[in-house]
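Given next are the chains, with one letter for each unit.
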Amino acid sequence: MSHLFSQGQLGDLTLSNRIIIAPMCQYSAAEGAPTDWHSVHLGTLAQSGAGLLIIEATSVTPEGRISPWDLGIWSDELGDALQREVEKIRRWSPIKLGIQLGHAGRKASVDAPWKGGKALSGSEGGWETLAPSSLAFSENPTPKAMSSEEIAQIKQAFVDGARRAQRAGFDLIELHAAHGYLLHQFLSPLSNQRTDNYGGSPENRMRLVLEIFDEVKAAVSLPVGVRISATDWTEGGWDIDGSIQLARALEGRGCAYIHVSSGGLSPAQQITISPNYQVPFAQQIQQQVAMPAIAVGLITEPEQAEAIIATGQAEFIALARGMLYDPRWPWHAAAKLGDKIAVAPQYQRSEPHHLRGLFSV
Ligand SMILES: Cc1cc2nc3c(=O)[nH]c(=O)nc-3n(C[C@H](O)[C@H](O)[C@H](O)COP(=O)(O)O)c2cc1C
């Protein structure tokens, strides 16, 4: 059996293989609630054979949404709506389900990407954004620097969201501290110029992420992992050394895994994108912690994914765009690597003649 198709462990959650579907915003929610699009989209991905499906960044407060069409979990009604989606998937698929909890901070209140992704004014349905400091991202309006009270409210919102996620039936919670959104804004000295105990030293900038992690972990019995941007790809920004320090601190607190992405905080970022371009960051972190690292970013080929796991660069790999392009990627990977894959009984007759034995029941 390949390494890619061996069982894996995230905290006490067992995954049938090492393939994770990365969270992907769909900009298709209605007032924070999932729509038919989510049933279709998630239903498709749930038949992929991946070990874990992490659903898109789901905002813990209304103003934490990237766009007005993001999923939310700031009320019990929204938790119930997500529970209905979870139940639909569970009726037809054994895939494990995670949810990414987030807050967009100064990158909130923008249009859907396919409509240009520009900041929305009040008359266009936009709102005032919150951030560690009143420093704007790119052309977006200047955010309001958060008061201590607002910081306490956000922490509580993450805890409430996590409790609702557990009640909704998810198997795992991922905290979104990547891609220039609120928690990453606290980590990076480029966006955090606070003078209280949430700004200044690396310890102070990491404080909010660690406090939220601790409170969420204490509130739920599910495995809790964290997604980070390992570097801002720009001078004077958050970097791999800080990421290693953060990963060690999270591990000491019982973090289930670290999901290693990069960038998104500064428009000045200089990234040369190529296959595996973020894998070295996952590898550097994986060498320093015992909890699993998830590598992500332009992993598209089965042999490439297998090599990452086999050489110990990361324990898991995640795919985003590759799964949209080919929602049966794990089936094709199993065929390429000579493994078996479990498929829904409704689809068993599709096993190709030249691949007899690919499907396990
Ligand atoms: C449509 C789309 C939506 C995304 N939404 C999220 C998100 O909600 N949360 C997140 O952490 N990353 C998000 N990402 C980033 C992906 O999870 C992933 O890290 C990135 O696309 C690189 O992986 P890939 O090369 O396999 O696509 C999104 C990417 C895409 C393409």
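Structure shown above.
Computed from a prediction, not measured in an experiment: that's the story for all the values here. (Residues numbered from 1 in each chain as written. Predicted model: local features only at pLDDT ≥ 70, side-chain atom pairs only at ≥ 80, totals over all residues. Heavy atoms only, no water.)

1. Looking at the site of the ligand
Selection rule: Whether a residue is near a molecule or strand is decided by its heavy atoms; if any one of them lies within 4 Å of it, the residue is near. Under this definition, polar contacts are N or O atom pairs within 3.5 Å; protein pairs additionally need one hydrogen-donor-capable and one acceptor-capable atom, and for neighbouring residues in sequence, both atoms have to be side-chain atoms. What sets the accessible areas is the Shrake-Rupley method with a 1.4 Å probe; for residues, cover comes only from the shown protein chains. The nonpolar class holds Ala, Val, Leu, Ile, Met, Phe, Trp, Tyr, Cys and Pro. Asp, Glu, Lys and Arg form the charged class, and all remaining residues, Gly among them, are polar.
Close to the ligand lie 15 residues; Cys 25, Gln 100, Arg 227, Leu 298 and Arg 321 are nearest. Within the side chain of Arg 227, a nitrogen or oxygen atom sits 2.6 Å from an oxygen atom of the ligand. With respect to the ligand, the backbone of Ala 320 contributes an N or O atom lying 2.9 Å from an oxygen atom. Here the ligand, which alone exposes 600 Å², has 82% of that area covered by the protein. Classifying every residue of the shell around the ligand gives nine nonpolar, four polar and two charged.

2. Examining the pairing of strand β11 (residues 258-261)
Spelled out, the test is: Throughout this description, buried means an accessible area under 20% of the type-specific maximum (1.4 Å probe, protein chains only), exposed means over 50%, and partly exposed covers the range between. Helix numbering and strand numbering both begin at the N terminus, where a helix is a DSSP run of H or I of at least 4 residues and a strand a DSSP run of E of at least 2. Two strands are said to pair when DSSP picks up at least two bridges between them. With the strands aimed away from the viewer, a crossover counts as right-handed if its path from the first strand over the helix to the second runs clockwise.
Along β11, one buried face is formed by Ile 258 and Val 260 and the opposite face, lined by His 259 and Ser 261, is buried too. For strand β10 (residues 224-229) and β11, the ladder comprises four bridges, and the chain directions are parallel. The partner of Ser 229 across the bridge, within β11, is Ser 261. After leaving β10, the chain enters helix α6 (residues 240-252) and then returns to the sheet as β11, a path that is right-handed. Relative to strand β12 (residues 293-296), β11 runs parallel, the two being bridged by three bridges. Following the sheet pairing, Val 260 is matched in β12 by Ala 295. Traced from β11 through helix α7 (residues 279-286) to β12, the parallel crossover comes out right-handed.

3. Comments concerning the pattern of salt bridges
Test applied: What counts as a salt bridge is simple: a side-chain nitrogen of Lys or Arg found within 4 Å of a carboxyl oxygen of Asp or Glu.
Counted according to the given criterion, the structure contains 13 salt bridges. Across the salt bridge formed by Arg 90 and Asp 171, the nearest N and O atoms sit 3.1 Å from each other. Placement of Arg 90 in helix α2 (residues 76-92) and of Asp 171 in the loop between α3 (148-168) and β9 (172-177) is noted, with a sequence separation of 81 residues between them. Note on Arg 90: relative accessible area 34%, which makes it partly exposed. Linking Lys 336 and Glu 303 is a salt bridge whose minimum nitrogen-to-oxygen distance equals 3.8 Å. With a gap of 33 residues between them, Lys 336 in helix α10 (residues 329-337) and Glu 303 in helix α8 (residues 302-310) connect regions that are remote in the sequence. Three or more residues are tied together by salt bridges with common partners; here these are Asp 76, Arg 164 and Arg 167.

4. A short note on the packing of aromatic side chains
Where we set the bar: Working definition: rings of Phe, Tyr and Trp (its six-membered ring) pair if their centres are within 6.5 Å, and the pair is stacked with planes under 30 degrees apart, edge-to-face with planes over 60 apart, and tilted otherwise.
A full pass over the atoms with the stated rule returns five aromatic pairs. For the ring pair Trp 331 and Tyr 347, a centre distance of 6.3 Å and an interplane angle of 65 degrees mean the geometry is edge-to-face. Remark: Tyr 347 occurs in the loop between β14 (341-342) and β15 (359-360) and Trp 331 occurs in helix α10; sequence separation between them is 16 residues. Judged by its relative accessible area of 35%, Tyr 347 falls in the partly exposed class.

5. Some remarks on the side chain of Gln 304
For Gln 304, the location among the structural elements is in helix α8. A distance of 2.9 Å separates a polar atom in the side chain of Gln 304 from the backbone nitrogen of Thr 300.

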